[in-house]
Amino acid sequence: MPTQVRKIKLKVKPLYYVGGHPFRVILTNNIMEDKGRIGEVDYKTITIKIAPHTVESQKTKALIHEFIHVVNQIYNLEKLKESDVMQISEGLNQIFSQMNIELDWTDIKEEK
């Protein structure tokens, strides 16, 4: 009899501090989706924006991806190219999936 795999839910918080900077996380369609993006960082408003009507695994990958950009920017690494960030976020997303980790977005507001 196969064992039932239990999903681990990690709650996405609306605010994270990186390098002392308070980054808000929001769900919004107000991103550059015309370029195929489902997430972006707005450094002026210190906000990580994720498209709300996206498959859960893609939202997870987008959040990881944007946090990698934040760390790269805040800690002046700036050595990571976009292709590096994409590969790292995809790898971490696959690891989360294999660990049965899912993100819980219930505390994140959808904004216009």
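Residues numbered from 1 in each chain as written. Predicted model: local features only at pLDDT ≥ 70, side-chain atom pairs only at ≥ 80, totals over all residues. Heavy atoms only, no water.

K.L.:
Would you mind going over the overall build of the protein with me for this structure?
P.N.:
When helices and strands are tallied, the protein shows 2 helices and 7 strands. Listed N to C, the secondary structure of the protein is β-β-β-β-β-α-α-β-β in terms of helices and strands. Relative to the compact-globule value of 13 Å for 112 residues, the protein shows a C-alpha radius of gyration of 15 Å, a close match. Principal axes of the C-alpha set define a box for the protein whose edges measure 55 × 35 × 30 Å. Taken over 112 residues, the protein has a buried fraction of 35%. In the structure as shown, the protein presents an accessible area of about 7,500 Å², 55% of it carried by carbon and sulfur atoms. Of the charged side chains in the protein, 16 are positive and 15 negative, and the gap between their average positions amounts to 3 Å. (Helix = DSSP H or I, 4+ residues; strand = E, 2+ residues; numbered from the N terminus. Rg over C-alpha atoms; globule rule 2.2 N^0.38 Å. Buried < 20%, exposed > 50% of the residue type's maximum accessible area, 1.4 Å probe, protein only. Areas by Shrake-Rupley, 256 points an atom, 1.4 Å probe, with all protein chains shown as cover. Lys, Arg positive; Asp, Glu negative; His and termini not counted. Charge placed at Lys NZ, Arg CZ, Asp CG, Glu CD.)

K.L.:
Looking at this model, I keep getting lost on the pattern of salt bridges. Mind explaining?
P.N.:
For side chains bearing opposite charge, pairing can occur when the charged atoms are close. Under the counting rule described, the total for this entry stands at 9 salt bridges. The shortest N-O distance in the salt bridge between E102 and K7 comes to 3.8 Å. Of this pair, E102 sits in strand 6 (residues 101-104) while K7 sits in the segment before strand 1 (8-11), and the two are 95 residues apart along the sequence. With its nearest N and O atoms 3.3 Å apart, the salt bridge here joins K59 to E56. Of this pair, K59 and E56 both sit in helix 1 (residues 56-74), 3 residues apart, which is roughly one turn of the helix. On the basis of relative accessibility, which here comes to 5%, the residue K59 falls in the buried class. Given the relative accessible area of 42%, E56 is considered partly exposed. Bridged by salt links that share partners, the residues K7, K9 and E102 form one connected network. (Salt bridge = Lys/Arg side-chain N within 4 Å of Asp/Glu carboxyl O.)

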